[in-house]
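Understanding the architecture of this molecule
What follows is the residue order along each chain.
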Amino acid sequence: PKGEVAALSWSPDGRYLAWVGDDNSYGWGTENQLWISNAESREIINATKTLDRQIGAVPHGDVASEQPPPRPEWTQDSRTVYVEYNDRGVGRILKVDAKTGGVTPLLEGWDGCARSPSHGGSTVYFAAETFDFPNEIFRVAAEGGRAERITHLNDALLAEIDLPEHDAIRVE
């Protein structure tokens with residue numbers, strides 16, 4: 001690619017290099033994608049070219065800032081990469097097959113801001129927040145499914161606060 005290259009991440013076996021970047025095909029309007037290079041054959045694939053979403057662009061509250069995209073997270077067997085992406089204002093996690101570039105959204109029924117995935121065997125852990133609570137840690141099966149909240153760091157504080165109702169507005 002001829003564009004931006006950021007967030008480099010080597011696979012644990014050293015055979016692949018993944019990064020978030022673009023090919024500058026639309027100038028400044030080009031969205032970041034996940035690129036994977038085979039170190040031996042030097043083949044480079046745009047693993048998320050069929051996904052009409054920007055990789056690494058996850059909403060973080062009301063403040064927009066120019067932050068580098070998070071690094072792709074590899075599984076220990078070097079077969080899968082996890083990355084963050086934004087889907088209509090909702091932060092999601094994408095599971096990507098390193099060889100084929102096949103993509104699978106990881107979370108079902110999710111309406112929060114998921115970020116910083118970390119693979120731990122058969123489970124993916126991530127930080128997340130919603131309108132109802134500040135950051136907590138969640139987990140989901142590596143195959144996907146419903147997320148389970150595993151920390152309750154703010155429960156005592158939230159029990160004392162009457163949060164206002166919120167409306168989600170999505171434009172198709």
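Residues numbered from 1 in each chain as written. Predicted model: local features only at pLDDT ≥ 70, side-chain atom pairs only at ≥ 80, totals over all residues. Heavy atoms only, no water.

**Points about the overall build of the protein chain**
As a reminder, the rule being used: Comment: elements are numbered from the N terminus, with helices defined as DSSP H or I runs of at least four residues and strands as E runs of at least two. Working definition: with a 1.4 Å probe on protein chains only, accessible area under 20% of the residue-type maximum means buried, over 50% means exposed, and in between means partly exposed. Contacts: residue pairs with any heavy atoms within 4.5 Å of one another.
Broken down by element type, the protein chain carries one helix and twelve strands. Expressed as a percentage of the 172 residues in the protein chain, the buried residues total 41%. When contacts within the protein chain are restricted to residue pairs at least 6 apart in sequence, those whose partners lie at least 24 apart make up 38%.

**A word on the packing of aromatic side chains**
Rule in force here: In this scheme Phe, Tyr and Trp rings, the latter by its six-membered ring, pair at centre separations within 6.5 Å, and the angle between planes marks the pair as stacked below 30 degrees, edge-to-face above 60, and tilted otherwise.
On inspection of all chains with the given rule, the structure shows two aromatic pairs. Here the aromatic rings of Tyr16 and Trp74 are separated by 6.0 Å at their centres, their planes lie at 20°, and the arrangement is stacked. Here the residue Tyr16 occupies a position in strand S2 (residues 16–21), and Trp74 occupies one in strand S5 (residues 73–74), the gap between them amounting to 58 residues. Of the residues examined, Tyr16 reaches a relative accessible area of 6% and is grouped as buried. An angle of 15° between the planes, with centres 5.7 Å apart, marks the rings of Phe126 and Phe138 as stacked.

**Brief notes about the sheet that holds S2**
We apply this condition: Between any two strands, pairing holds if DSSP finds at least two bridges. Lines are fitted to the C-alpha atoms to define the axes, a helix being fitted only along its stretch in contact, and any angle between axes, read from their N-to-C directions, falls within 0 to 180 degrees.
Strand order in the open sheet formed by four strands is S1-S2-S3-S4, with antiparallel pairing between adjacent strands. In this open sheet, the two strands that pair with only one neighbour each are strand S1 (5–10) and strand S4 (44–46). Strand-to-strand twist across the sheet, computed as the mean angle between neighbouring axes with direction ignored, equals 25°. The pairing of strand S3 (residues 33–38) with S4 spans three bridges and is antiparallel.

**Notes on a negative patch on the surface**
How we decide: Any residue with relative accessible area above 30% and no salt bridge may belong to a patch, with like charges joined within 9 Å and the nonpolar Val, Leu, Ile, Met, Phe, Trp and Tyr side chains within 5 Å. All accessible-area figures derive from a Shrake-Rupley calculation using a 1.4 Å probe, and residue coverage is judged against the displayed protein chains alone. Salt bridges are defined as contacts in which a side-chain nitrogen from Lys or Arg sits within 4 Å of a carboxyl oxygen from Asp or Glu. Asp and Glu count as negative and Lys and Arg as positive, but His and the ends of the chain are not part of the count. To locate a charge, the coordinates of NZ of Lys, CZ of Arg, CG of Asp or CD of Glu are taken.
Residues Asp132, Asp162, Glu165 and Asp167 make up a contiguous surface patch of negative charge. Counting through the fold element by element, Glu165 comes out in the segment after helix H1 (155–159). A relative accessible area of 79% means that Glu165 is categorised as exposed.

**Digging into the environment of Leu94**
Along the chain, Leu94 falls in strand S7 (residues 90–97). Counting along the chain gives twelve residues from Leu94 to Leu106, while the straight-line C-alpha distance between them is 5.5 Å. With residues up to four places along the chain from it excluded, the contact list for Leu94 reads Thr48, Leu51, Ile55, Val81, Tyr82, Val83, Tyr85, Val103, Thr104 and Pro105.

**Thoughts on the nonpolar core**
Basically, it comes down to this: Each nonpolar core is a collection of buried residues, namely Ala, Val, Leu, Ile, Met, Phe, Trp, Tyr and Cys, held together in the definition by side-chain atoms within 4.5 Å.
Ranked by size, the top nonpolar core spans 16 residues in total, and within it Leu34, Ile36, Ile55, Trp74, Val83, Leu94 and Val96 carry the most contacts. Listing elements by their share of this core, those giving two or more residues are S2, S3, strand S6 (80–87) and S7. With twelve residues, the next largest nonpolar core counts Ile93, Val124, Ala128 and Ala142 among its residues.

**Thoughts on the pattern of salt bridges**
Inspection of every chain in the model, using the stated rule, returns four salt bridges. The partner of Arg139 in a salt bridge is Glu148, with the nearest N and O atoms 3.1 Å apart. Classification of Glu148 as partly exposed rests on a relative accessible area of 41%. The structure contains a network of salt bridges with shared partners spanning Glu136, Arg149 and Asp155.

**Looking at the confidence of the model for the protein chain**
The following threshold applies: Confidence scores per residue from the predictor, reported as pLDDT, run from 0 to 100.
When the pLDDT values of the protein chain are averaged, the result is 83; 85% of them are 70 or greater. When the criterion is pLDDT under 50, residues 61–65 qualifies, and its contacts beyond four places in sequence or with other chains add up to zero contacts.

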